[in-house]
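Breakdown of the fold
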Amino acid sequence: MSGLVKSGSAGLVSFLHQQGERMELPKPFERNIFLFHTYVAGTSHVMGIEELEPYLNIGDKFTLLREPDNLFDSLAILVKNADGIKLGYVPRRDNAVFSRLMDAGKLLFARLTDKEVSGGKVNLFIDIFLQD
């Protein structure tokens, strides 16, 4: 066994600590499975979305959160940016399967693929992934 690790070597742990403040280890069999391309609904109801838009970059990861107590849609899935700011919802027409996956304990997230700004309206387009 001693031949597998060099004695006196700092090893992987030391290397990871030197890379920055936050340490993230990849899981050996983790993968992100693309599920669907859609848009973020309800952005026109988000206060300050026009000021936030320049800070939303293609490739940004968005958090998806279930809202089973939503008064308008019991299958609602909220979309938030990395800072926890509400951007809107997965469209009602697209959320049935995703909400059931999330209710079963599956972790879903989204990535921003495109955005359009026109006449004060912000359209955000996302890909939805299952983290397996």
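Criteria and thresholds
- Residues numbered from 1 in each chain as written.
- Predicted model: local features only at pLDDT ≥ 70, side-chain atom pairs only at ≥ 80, totals over all residues.
- Heavy atoms only, no water.
- Helix = DSSP H or I, 4+ residues; strand = E, 2+ residues; numbered from the N terminus.
- Buried < 20%, exposed > 50% of the residue type's maximum accessible area, 1.4 Å probe, protein only.
- Contact = heavy atoms within 4.5 Å.
- 1 Å grid on protein atoms, 1.4 Å probe; cavity = no way out; pocket = protein on both sides within 12 Å on 5 of 7 lines; lining within 4 Å.
- Points joined across faces, edges and corners; volume = space filled by probe spheres on them.
- Nonpolar A, V, L, I, M, F, W, Y, C, P; charged D, E, K, R; others polar.
- Pairing = 2+ DSSP bridges.
- Axes fitted to C-alpha atoms, helices over the stretch in contact; angles between N-to-C directions.
- Arc of directions from axis to C-beta.
- Core = buried A, V, L, I, M, F, W, Y, C linked by side-chain atoms within 4.5 Å.

**Points about the overall build of the chain**
Counting secondary structure elements, the chain contains three helices and six strands. Order of helices (α) and strands (β) in the chain, N terminus to C terminus: α-β-α-β-β-β-α-β-β. Scored against the burial criterion, the 132 residues of the chain give a buried share of 31%. Nonlocal contacts in the chain, meaning residues at least 24 apart in sequence, comprise 55% of its contacts between residues at least 6 apart.

**Examining the layout of surface pockets**
By volume, the largest pocket amounts to about 270 Å³. In terms of residues, the lining of the largest pocket owes the most to one element, strand β4 (residues 86-89), which gives three residues. A per-class count over the lining of the largest pocket returns seven nonpolar, five polar and three charged.

**Comments concerning the sheet that holds β4**
Adjacent strands of a sheet pair through backbone hydrogen bonds, lying either parallel or antiparallel. Taking strand neighbours across the sheet as the criterion, the six strands line up as β1-β6-β5-β2-β3-β4 in an open arrangement whose pairing is antiparallel. Looking at the sheet topology across the chains shown, the edges are occupied by β1 (32-39) and β4. The sheet shows a mean angle of 35 degrees between the axes of neighbouring strands, taken without regard to direction. Sheet strands touched by helix α3 (residues 95-103): β1, β2 (61-66), β3 (77-80), β5 (107-118) and β6 (121-131). Its angle to β2, the strand with the most contacts, is close to 80 degrees.

**Comments concerning α3**
The periodicity of an α-helix, 3.6 residues per turn, causes residues three or four positions apart to be oriented the same way. All of the buried residues in α3 are Asn95, Phe98, Ser99 and Met102. Looking straight down α3, one finds its buried side chains confined to an arc of 100 degrees; they lie on one side. For α3, the exposed residues lying more than 90 degrees away from the buried face are Val97 and Arg100. The inward-facing, buried residues of α3 contact β1, β2, β3, β5 and β6.

**A look at the nonpolar core**
Of all hydrophobic cores here, the largest spans 21 residues; its most connected members are Phe62, Leu64 and Leu87. Secondary-structure elements contributing two or more residues to this core are α2 (49-52), β2, β3, α3, β5 and β6. With five residues, β6 is the single largest residue contributor to this core. Non-local contacts of Leu64, meaning those with residues more than four positions away in its chain, are made with Ile77, Leu78, Val79, Val90, Met102, Leu108, Phe109, Ala110 and Ile128.

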